[in-house]
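Understanding the architecture of this molecule
What follows is each chain in one-letter form.
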Amino acid sequence: MTTSARTPETVTEAVTEAVTEAVTEAVTEAVTEAAPTTVPGTVPAAVRARVPVTLSRVRDRSADLITFHHLPDAGEHFAVLVPAAPGDTAPPLVRLHSECLTGDVLGSARCDCGPQLDEALQAIADQGGAVLYLRQEGRGIGLYNKLDTYLLQAQDHDTFAANRMIGRGDDERDYAAAAAMLLALGLTRIRLLTNNPDKVRELRAHGIEITEVIPTGVYVTAENSRYLSAKAELAGHTIALLQEAAA
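Read on for an overview of the structure. (Residues numbered from 1 in each chain as written. Predicted model: local features only at pLDDT ≥ 70, side-chain atom pairs only at ≥ 80, totals over all residues. Heavy atoms only, no water.)

1. Details of the side chain of Arg-139
Stated precisely, the cut-off is as follows: The way it works is that DSSP assigns letters per residue, a run of H or I at least four long becomes a helix, a run of E at least two long becomes a strand, and they are numbered from the N terminus. Two N or O atoms form a polar contact when they lie within 3.5 Å of each other; inside protein one atom must be a possible hydrogen donor and the other a possible acceptor, and for residues adjacent in sequence the pair counts only when both atoms belong to side chains.
Relative to the helices and strands, Arg-139 is located in helix 4 (residues 137–140). Reaching out from Arg-139, the side chain makes a polar contact with the side chain of Thr-159 at a distance of 3.0 Å.

2. Some details on the environment of Leu-151
Defined as follows: Think of it in three bands: with a 1.4 Å probe and only protein chains considered, a residue is buried below 20% of the maximum accessible area for its type, exposed above 50%, and partly exposed in between.
By the element assignment, Leu-151 lies in helix 5 (residues 143–153). For Leu-151, a relative accessible area of 57% puts it in the exposed group. Placed 11 residues apart in sequence, Leu-151 and Ala-162 show a C-alpha to C-alpha distance of 8.7 Å.

3. Remarks on the packing of aromatic side chains
For clarity, the threshold we go by: When the centres of two rings from Phe, Tyr and Trp lie within 6.5 Å, Trp using its six-membered ring, the rings pair. Their planes under 30 degrees apart give stacked, over 60 give edge-to-face, and anything left gives tilted. By definition here, charges over rings are those cases where NZ of Lys or CZ of Arg is within 6 Å of the ring centre and within 35 degrees of the ring normal.
Counted by the stated rule, this structure contains 1 aromatic pair. Above the ring of Tyr-150, the side-chain terminus of Arg-110 is found at 4.2 Å from the ring centroid.

4. A short note on a nonpolar patch on the surface
What counts, and what does not: To count toward a patch, a residue needs a relative accessible area above 30% and no salt bridge. Like charges then connect within 9 Å, nonpolar side chains (Val, Leu, Ile, Met, Phe, Trp, Tyr) within 5 Å. Method for areas: the Shrake-Rupley scheme with a 1.4 Å probe, in which residue coverage is limited to the protein chains shown. The rule for a salt bridge is simple: a side-chain nitrogen of Lys or Arg has to be within 4 Å of a carboxyl oxygen of Asp or Glu.
Together, Leu-101, Val-105 and Leu-106 give the surface a local cluster of nonpolar side chains, amounting to about 300 Å² of exposed area. Take Leu-101: it is sitting in helix 2 (residues 101–105). Note on Leu-101: relative accessible area 35%, which makes it partly exposed.

5. Describing the pattern of salt bridges
Per the counting criterion, the structure on display carries 10 salt bridges. For the salt bridge of Glu-137 with Lys-146, the shortest nitrogen-to-oxygen distance reads 2.5 Å. Summarising the burial analysis for this pair, Glu-137 and Lys-146 share the class buried. With a closest N to O distance of 3.4 Å, Arg-189 and Glu-209 form a salt bridge. With Arg-189 in strand 6 (residues 189–193) and Glu-209 in strand 7 (residues 209–214), this residue pair connects regions lying 20 residues apart in the sequence.

6. Quick word on the nonpolar core
Here is the rule: For the purposes of this section, nonpolar cores are sets of buried Ala, Val, Leu, Ile, Met, Phe, Trp, Tyr and Cys residues that join through side-chain atoms within 4.5 Å. Two residues form a contact once any of their heavy atoms are found within 4.5 Å.
Membership of the largest hydrophobic core comes to 25 residues, with the highest contact counts inside it found for Leu-96, Leu-132, Leu-182, Ile-190, Leu-192 and Leu-203. Elements represented by at least two residues in this core include exactly strand 2 (61–69), strand 3 (78–82), strand 4 (93–98), strand 5 (129–134), helix 7 (176–185), strand 6 and helix 8 (197–205). When residues in this core are grouped by element, the largest group, 6 residues, is from helix 7. Excluding its chain neighbours within four sequence positions, the residues that come into contact with Leu-192 are Val-94, Leu-96, Lys-199, Val-200, Leu-203, Ile-210, Glu-212, Val-213 and Ile-214. Ala-63, Val-80, Val-82 and Ala-120 belong to the second-largest nonpolar core, a separate cluster that totals 15 residues.

7. What to know about the side chain of Thr-149
Assignment of secondary structure puts Thr-149 in helix 5. Exposure remark for Thr-149: the relative accessible area of 2% places this residue in the buried category. If we ignore the near neighbours within four places in the chain, the residues touching Thr-149 are Ile-141, Ala-162, Asn-163 and Ile-166.

8. Side note on helix 7
Most of helix 7 is tucked away, with 8 of its 10 residues classed as buried. Those residues of helix 7 lying buried are Ala-176, Ala-177, Ala-178, Ala-179, Ala-180, Met-181, Leu-182 and Leu-185. The first or second residue beyond helix 7 is Gly-186, which carries a positive phi of 75 degrees.

Printed below as a string of structure tokens:
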């Protein structure tokens, strides 16, 4: 039996060829995988992971925290998803809740965000649906800027004027990511828990069918009554019976 001898030159060529092929394959795979995330919004959003949790704030209800790939912005938005009871054919209840560290976590009385989040979690625990927690602190201007506007509001400026005084928009939020999350979850026909007409308009513009708009409760405190009045009077939020609730 004879074998062909391999010279050092042919061995070197074979190794070089193998290494080149492996590197090319790895680079191609990495580029292919990374490409959709380098141009946000070019591919549909997709579920990244589902993490089971127990919601102690709503009677230890089981839920999934859902994270996403390919959202149209860089925010680490997530969904709190609770399935409806078997046989329930009503469209799922959905709340778009913008992050508010001061209200959601610390219980600040300067806004109504904490009580609205509690209401939404309770409602989805009872009826099934999703709370989309959107990382858009301070109507999109960020935590530090929001706290700066609090100082201006203390000087008798409303919340929207205070935003403009620091060079920001009245409301810089965008709900394209929320629509992408709903599409990824297959929730294209929903009931929406909100007082904000912008959320209704934007979701519908992105192809989400809203069968019913359900207003949230009115959570008035001595510290947030002017803030709620500004939202109702200047931004068209459907905050019903504001004067009676404040009495």
